[in-house]
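Observations on chain architecture
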Amino acid sequence: MNDYDTLRDYLLRQKQTEFVLTFEEIEEIIGAALPRAANRASWWDSLRSPDIQMPQREACLAAGFVATRMPDGQSVRFRKQKSERRR
């Protein structure tokens, strides 16, 4: 089990195609603090370096979502991918 499986499961249950979660809400979902690296936009970028394994990215993509850190630096936008891009 990966630390972000609970995030993946949460995302799979969502009916909205786009929504925003604060870091605090994400920490509640995963039951742990996010690493300091989560403050960097690149840490959330679902399309960056697909050959590098990143568990948070894998969880989002497995649920069919692309994650993007918001400009406020404290929240993340999750946007559902088109069906043909789902893993």
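In case you missed it, the structure is sitting above this.
Per chain, the residues get numbers from 1 upward, laid out in the order the sequence is written. Local features are withheld for residues below a pLDDT of 70 in this predicted model, meaning they are given only at 70 or higher, and side-chain atom pairs are given and counted only at 80 or more; totals for whole chains, interfaces and linings count all residues. Each side-chain value is derived from all of the structure's non-hydrogen atoms; neither hydrogens nor water enter the calculation.

One full turn of an α-helix is made of 3.6 residues, so residues set three or four places apart face in the same direction. Three or more residues of helix 2 (residues 23–30) are buried, namely Phe-23, Ile-26 and Ile-30. Down the axis of helix 2, the smallest arc covering the buried residues is 60°, so these residues share one side. Those residues of helix 2 that are exposed and aimed more than 90 degrees away from the buried face are Glu-24 and Glu-28. Note on definitions: a residue-residue contact is assigned when non-hydrogen atoms from the two residues lie within 4.5 Å. The helix count covers DSSP runs of H or I at least four residues long, the strand count covers runs of E at least two residues long, and both are numbered beginning at the N terminus. Against the buried residues of helix 2 lie helix 1 (5–12), strand 1 (18–22), helix 3 (41–44), strand 2 (65–69) and strand 3 (75–80). Phi for Gly-31, located one or two positions after helix 2, is positive at around 70°. Throughout this description, buried means an accessible area under 20% of the type-specific maximum (1.4 Å probe, protein chains only), exposed means over 50%, and partly exposed covers the range between. The arc in question is traced by the directions running from the helix axis to the C-beta atoms.

The next point concerns the environment of Leu-12. Position of Leu-12 among the secondary structure elements: in helix 1. With 48 residues separating them in the primary sequence, Leu-12 and Cys-60 have C-alpha atoms 9.0 Å apart.

Along helix 1, the residues that are buried comprise Asp-5, Leu-7 and Leu-11. Buried positions in helix 1, seen along its axis, are confined to an arc of 160° and lie on one side of it.

This brings us to the pairing of strand 3. Where strand 1 meets strand 3, 5 bridges bridge the pair, whose relative direction is antiparallel. Its bridge partner lying in strand 3, Glu-18 is registered against Arg-79. Summarising the sheet, strand 2 and strand 3 pair through 5 bridges and their orientation is antiparallel. Counted as the bridge partner of Val-66 is Arg-79 from strand 3. What sits between the antiparallel neighbours strand 2 and strand 3 is a turn of 5 residues, in which Gly-73 has the positive phi angle 75°. Pairs of strands are assigned from DSSP output, requiring at least two bridges between the strands.

The next point concerns the packing of aromatic side chains. Ring geometry is summarised as follows: Phe, Tyr and Trp rings, the Trp one being its six-membered ring, pair when their centres sit within 6.5 Å, and such pairs are stacked at plane angles under 30 degrees, edge-to-face over 60 and tilted between the two. In the structure shown here, the tally under the stated rule is 5 aromatic pairs. Considering the side-chain rings of Tyr-4 and Trp-43, the 6.1 Å spacing of their centres and the 65° angle between planes classify their relative orientation as edge-to-face. With Tyr-4 in the segment before helix 1 and Trp-43 in helix 3, this pair connects stretches of sequence that are 39 residues apart. A relative accessible area of 8% places Tyr-4 in the buried class. Assessed through its relative accessible area of 8%, Trp-43 is described here as buried.

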